[in-house]
Amino acid sequence: MKKISRRSFLFNAGGATTAAVLVPSIMHHAEIKSQSYDGKKLNVALVGLGTYAGILATGLQSSAYCRLAGIVTGHPAKAAVWKEKYKIPDKNIYNYENFDTISKNKDIDLIYVVLPNAMHKEYTVRAAKAGKHVICEKPMATTAKDCEEMITACKNAGMQLAIGYRLHYEPYNLEIKRLGQQKVFGQVRLIESSLGYRTDDPAQWRLHKALSGGGPLMNVGIYCIQSSRYVLGEEPVSVTAQFGPNTNAELFKEVEASITWQLQFPSGAVCNSSSTYNCQVDRFFASAENGQFELSPGISYGPFVGKTSDGPLHFPDINQQAAQLDGIGKLILAKQSLPSHITGEEGIKDLRIMEAIYQSAATGNKISLI
Ligand code: NDP
């Protein structure tokens, strides 16, 4: 007989209506104290109209709390296409040179930085100085030092800073966080979490260290670091790491092609992870004292597949970007602080761990994180 998990039982017990009621409540971590929402939306400007900005624009179309109000781009031809497609007025269209004049534009509340990683710091700091809240894509920056400057700039300007950690609003990931932190199967002892894909475009900025800060670790490995931390609810105490294999030395001459690392946590739990540009991998697995749980795929955009040692997990396949924008927009509109696990304080933790991973891979030493 097929066993059902604790969570899928909760969902199935009440049928579709229960699921529809439960999902929004688990997607939004913080409850809004004031329930009187007047329907106003947060006006968002996207900076850097690349692939992910396009996906965010789709999310913004179905967001209840945010709307696409402005764009910042280096390409006038792109501006023309976006202006037409999303009905963006000329006064809300900027380029990188005149970006700072956005300070005078009362119709933009929040800047969403979707630029190559090495540009995150500059545009976050400029946005904060312009008096705008900021969402900055992951990784927050290419160094922990830059993260510190971003946090300080936003604090000094009285602006909120969120990092684009979309999985904090995704039901399957919220469930593995619950299973781990609430010790539903006992203490988690071992996590294996890996993310990678194949890339072979030498022109792609992700292969150039000056813009990316690093290879697959910076780009996608950060999700594995995140999931191990939020499932355990602990911070790693030390790390060991190894580069390789590099199957194409010509293509991967500035950044690593692959990297594997091991995080050691205070409870004794260990997380083994790889991130790579050599092959497709998207999986999270945790083994606890009395059972296991896993997602595969479970880190990309979905639909996700999950199971525990009790049986399959069943959650709705949501628009992750809309859920993330709603979670953030709702709080900013209500003038409430964002929860620390999606702010700059969270982003800098991941950068410190990634710097230690690179240091360990380069030296062969175990690096302490405490
Ligand atoms: P793209 O290369 O597709 O787009 C980046 C955009 O940045 C360009 O289209 C361009 O926009 C602008 N840009 C400005 N200067 C440069 C430059 N020197 N080189 C290249 N682009 C430049 O990247 P992505 O959209 O995939 O990634 C952008 C950010 O979003 C990254 O930090 C990435 O990590 C993050 N991301 C997050 C994801 C998530 O799931 N949370 C998924 C994918 C990416 P324009 O022409 O308008 O000036």
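Relevant structure appears above.
**Student:** Please explain the overall build of the chain as it appears in this structure.
**Tutor:** The number of helices and strands found in the chain is 11 helices and 15 strands. For 370 residues, the compact-globule estimate of 2.2 N^0.38 gives 21 Å, and the C-alpha radius of gyration of the chain, at 21 Å, lies within 12% of that figure. By its C-alpha atoms, the chain is 60 × 55 × 35 Å across when sized along the principal axes. The 370 residues of the chain split such that 56% are buried. Across the chain, every contact between residues at least 6 apart in sequence was considered, and the portion connecting residues at least 24 apart equals 71%. With an accessible surface of roughly 15,800 Å², the chain has 55% of that area assigned to carbon and sulfur atoms. Across the chain, the centroid of the 39 positively charged side chains sits 4 Å from that of the 33 negatively charged ones.

**Student:** It is not clear to me how the site of the ligand should be interpreted in this structure. Could you clarify?
**Tutor:** Around the ligand there are 26 residues in total, and Thr 73, His 75, Lys 78, Tyr 96 and Arg 166 lie nearest to it. Residue His 75 places a side-chain N or O atom 2.6 Å away from an oxygen atom belonging to the ligand. In this structure, Arg 166 approaches the ligand through a side-chain N or O atom, which is 2.6 Å from an oxygen atom. Protein chains bury 83% of the 890 Å² of accessible surface belonging to the ligand in isolation. Of the residues in the shell around the ligand, the class split is 12 nonpolar, 9 polar and 5 charged.

**Student:** Even after reading the chapter, I still don't get the pattern of salt bridges, so can you show me in this structure?
**Tutor:** Pairs can form between side chains of opposite charge once their charged atoms are near each other. All chains considered together, the criterion is met by 18 salt bridges. Where Lys 40 meets Asp 109, a salt bridge forms, and the shortest distance between an N and an O atom there is 3.6 Å. Residue Lys 40 is located in the loop between helix H2 (15-27) and strand E1 (42-47), and its partner Asp 109 is located in the loop between strand E3 (93-94) and strand E4 (110-113); the two are separated by 69 residues in the primary sequence. Its relative accessible area of 18% is what places Asp 109 among the buried residues. Between Glu 235 and Arg 229 there is a salt bridge; the shortest N-O distance is 2.8 Å. You can call Glu 235 partly exposed: its relative accessible area is 36%.

Conventions and cut-offs
- Residues numbered from 1 in each chain as written.
- Predicted model: local features only at pLDDT ≥ 70, side-chain atom pairs only at ≥ 80, totals over all residues.
- Heavy atoms only, no water.
- Helix = DSSP H or I, 4+ residues; strand = E, 2+ residues; numbered from the N terminus.
- Rg over C-alpha atoms; globule rule 2.2 N^0.38 Å.
- Buried < 20%, exposed > 50% of the residue type's maximum accessible area, 1.4 Å probe, protein only.
- Contact = heavy atoms within 4.5 Å.
- Areas by Shrake-Rupley, 256 points an atom, 1.4 Å probe, with all protein chains shown as cover.
- Lys, Arg positive; Asp, Glu negative; His and termini not counted.
- Charge placed at Lys NZ, Arg CZ, Asp CG, Glu CD.
- Near = heavy atom within 4 Å.
- Polar contact = N/O pair within 3.5 Å; in protein donor to acceptor, adjacent residues only side chain to side chain.
- Nonpolar A, V, L, I, M, F, W, Y, C, P; charged D, E, K, R; others polar.
- Salt bridge = Lys/Arg side-chain N within 4 Å of Asp/Glu carboxyl O.

These figures come from the coordinates and say nothing about function on their own.
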